[in-house]
Amino acid sequence: MRKRSHRSRVVLAAVAATVLGVAGCDAVGGNSAGPTRGTAHSAKPTPAWDVSPRSVAAVGDSITRGFDACTVLSDCPEVSWATGSSTRVDSLAVRLLGRSQAAERSWNYAVTGARMADLPGQMAQAATRKPQLVTVMAGANDACRSSTSAMTSVDSFRADFEDALSTLRESLPRTQVYVTSVPNLKRLWSEGRTNALGKQVWKLGICPSMLGDADALDSAATLRRDTVQKRVEAYNKVLKEVCAKDRRCRFDGGAVYDYRFGTDQLSQWDWFHPSVNGQARLAEIAYRKVTARKA
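In what follows, the accompanying structure is described. Bear in mind the structure is a predicted one, so any value in this text is a computation, not a measurement. Sequence order as written defines residue numbering, which begins from 1 separately in each chain. Reporting in this predicted model follows two pLDDT cut-offs: at least 70 for local features of residues, and 80 or more for side-chain atom pairs to be given and counted; totals over whole chains, interfaces and linings ignore these cut-offs and use all residues. Think of the side-chain values as coming from all heavy atoms in the structure, minus any hydrogens and water.

Our focus in this paragraph is the pattern of salt bridges. Salt-bridge detection follows one rule: a side-chain nitrogen of Lys or Arg within 4 Å of a carboxyl oxygen of Asp or Glu. Counted by the stated rule, this structure contains 9 salt bridges. Of the charged contacts in the structure, one is a salt bridge between R65 and D75, with a shortest N-O distance of 3.5 Å. You can see R65 sitting in the loop between β1 (56–60) and α2 (92–97) and its partner D75 sitting in the loop between β1 and α2, a full 10 residues away along the chain. Residue class for R65 comes out buried when judged on its relative accessible area of 18%. Here's how the labels work: a residue is buried when its accessible area is under 20% of the maximum for its type, exposed when over 50%, partly exposed in between, all with a 1.4 Å probe on protein chains only. By relative accessible area, which is 35% here, D75 ends up partly exposed. Here E284 ties to R281 by a salt bridge, and the two come within 2.8 Å at their closest N and O atoms. One end of the pair, E284, and the other, R281, are both in helix α12 (residues 276–290), 3 residues apart, so they sit about a helical turn from each other. The class of R281 is buried, set by a relative accessible area of 19%. Each member of the salt-bridge network shares a partner with another, and the members are R193, K199 and D215. Strands here are runs of E lasting at least two residues and helices are runs of H or I lasting at least four, both read from the DSSP assignment and numbered beginning at the N terminus.

So, in structure tokens, the structure goes:
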């Protein structure tokens, strides 16, 4: 009986404490007195993600530079999905900041041909601007190599991405990071190979691990493309996992990888990089993800 009575008293005490605690929270505000000394405050925590950052910096590779979107084998940053000024794209920066502010408060540090190993240096440059949001699109060039054996290893890709985030965090612990998934390279090959001109441009060395011998459908070619595709999927898993460890990092959930790019979204110059239309679609995806209340 003693044990049972003791247990009952403990339960009643716990219930009473809970009721008092809830009542104390509910009583704050209005004409009621505030909590007495020693009572925990119930202030709302500051949201980890701000849906309206006031400045944007972009890092990454040729896609963020608008490569081959305007003229052959040339950058066209004005149509960049991240920071471009073109009205045909309405970049993420324009959608977030407005056109005039985007011109003053957005910066593009992406470099055509860059791989994940180049990202820490780009992050260091971006950090000097103290942006409230940094966009990241990198990884395609780590898979687009001369051969499958030359692709960046998954471990190195992870280490380089972690290094890039650490570089940013050393000076800007509160800056938000939006990370896009690596595009579906095999789908781009499948769409682009329907154009004879595009295949001729591919021979200049655009993503040979995936695009080399574009019309070959034998087992060796299929294995090669499948190997590249699996590496891209592994890269996207790394991006998701590393980003998840940082409360101010948001991965796109595979939205870019899953987007079904058609020929309208591919460059008329190389049938691989995004066209102006494709850049606009990337901007739409980014804006939707960045402004979502929840990831």
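Next comes the rest of the write-up.
Looking now at the packing of aromatic side chains. Two rings belonging to Phe, Tyr or Trp (six-membered ring only in the last case) form a pair when the distance between their centres is within 6.5 Å. Interplanar angles under 30 degrees mark stacking, angles over 60 mark edge-to-face geometry, and anything in between is tilted. Enumeration over the complete set of coordinates arrives at 3 aromatic pairs. Between F157 and Y235, the aromatic rings sit 4.1 Å apart at their centres with planes inclined by 10 degrees, giving stacked as the arrangement. Here F157, found in helix α6 (residues 154–171), pairs with Y235, found in helix α10 (residues 219–244); they are 78 residues apart in sequence, far enough to count as distant. With centroids separated by 4.7 Å and ring planes inclined at 75 degrees, the aromatic side chains of Y259 and F261 adopt a geometry described as edge-to-face.

Note: α-helices contain 3.6 residues per turn, so residues at a spacing of three or four share the same orientation. Extensive coverage of helix α7 (residues 185–192) is indicated by the burial of 6 of its 8 residues. Those residues of α7 that fall on the buried side of the exposure criterion are L185, R187, L188, W189, E191 and G192. Here, two residues are considered to be in contact whenever any of their heavy atoms come within 4.5 Å of each other. The secondary structure elements touched by the buried residues of α7 are α5 (140–143), α8 (196–202), α9 (208–211) and α10. Between N or O atoms, a polar contact is any pair within 3.5 Å; within protein, one atom must be a potential hydrogen donor and the other a potential acceptor, and residues adjacent in sequence are included only when both atoms are from side chains. The N-terminus of α7 is capped by N184, whose side-chain oxygen sits 3.2 Å from the backbone nitrogen of K186.

We call two strands paired when DSSP finds no fewer than two bridges between them. Taken together, the 5 strands give an open sheet; going across it, the order is β2-β1-β3-β4-β5, and neighbouring strands pair in parallel fashion. Only two strands of the sheet have a single partner each, and these edge strands are β2 (106–108) and β5 (249–251). The sheet shows a mean angle of 15 degrees between the axes of neighbouring strands, direction not considered. As defined by bridge partners, β1 adjoins strand β3 (residues 133–137) across 5 bridges and the pair is classed as parallel. Note on β3: the bridge partner recorded for V59 is V136. Whenever a helix is involved, its axis is fitted only over the stretch in contact; in every case the axis is a line through C-alpha atoms, and angles between N-to-C directions fall within 0 to 180 degrees.

Moving on to a nonpolar patch on the surface. A contiguous nonpolar patch, built from V72, L73 and L204 and spanning about 290 Å² of accessible area, is present on the exposed surface. Note that L204 resides in the loop between α8 and α9. Two joining distances apply to patches: 9 Å for like charges and 5 Å for nonpolar side chains (Val, Leu, Ile, Met, Phe, Trp, Tyr), and every residue must have over 30% relative accessible area and no salt bridge. Note that accessible areas follow from Shrake-Rupley with a 1.4 Å probe, and for residues the cover is restricted to the protein chains shown.

Moving on to the nonpolar core. Nonpolar core, defined: a set of buried Ala, Val, Leu, Ile, Met, Phe, Trp, Tyr and Cys residues in which side-chain atoms within 4.5 Å join the residues together. Within the largest apolar cluster, 77 residues are counted, with the highest numbers of intra-cluster contacts made by W81, V179, L185 and F272. In terms of residue count, α10 provides more of this core than any other element does, 7 residues in total.

Now for the packing of α6 against α10. At a minimum axis separation of 10 Å, α6 and α10 run at an interaxial angle of 35 degrees. Considering how the two elements wind past one another, α6 and α10 form a crossing that is right-handed. Between α6, through V154, F157, R158, F161, E162 and L165, and α10, the contact on the second element is made entirely by R231, A234, Y235, V238, L239, E241, V242 and C243. Handedness of each helix crossing follows the sense of rotation of the near helix against the far helix: counterclockwise by less than a right angle gives left-handed, clockwise gives right-handed.

Another point: the pairing of strand β4 (residues 176–179). Here β4 shows no split at all, with Q176 and Y178 on one side and V177 and V179 on the other all buried. The sheet contact formed by β3 and β4 spans 4 bridges and is parallel. Within β4, the residue paired with V134 across the bridge is V177. In terms of strand pairing, β4 meets β5 through 3 bridges, oriented parallel. Among the inter-strand pairings, Y178 is bridged to a residue of β5, identified as R250.

Moving on, we get to empty space enclosed by the protein. Here a cavity is any set of points on a 1 Å grid over the protein atoms alone where a 1.4 Å probe fits but cannot get out, and a pocket is any open set with protein on both sides within 12 Å along at least 5 of 7 lines; a residue lines the site when it has an atom within 4 Å of a point. Grid points are joined across faces, edges and corners, and a volume is the space filled by probe spheres set on the points. Going through the model one piece at a time under the given rule, you end up with 1 cavity of 30 Å³ or more. Its boundaries defined by the atoms lining it, the largest cavity holds a volume of some 60 Å³. Forming the boundary of the largest cavity are I63, M137, P183, L188, V256, F261, Q265, L266, F272, H273, P274 and L282. Ten residue types, Ala, Val, Leu, Ile, Met, Phe, Trp, Tyr, Cys and Pro, are classed as nonpolar, four, Asp, Glu, Lys and Arg, as charged, and the remainder, Gly among them, as polar. Of the residues belonging to the lining of the largest cavity, the class tally is 10 nonpolar, 2 polar and no charged.

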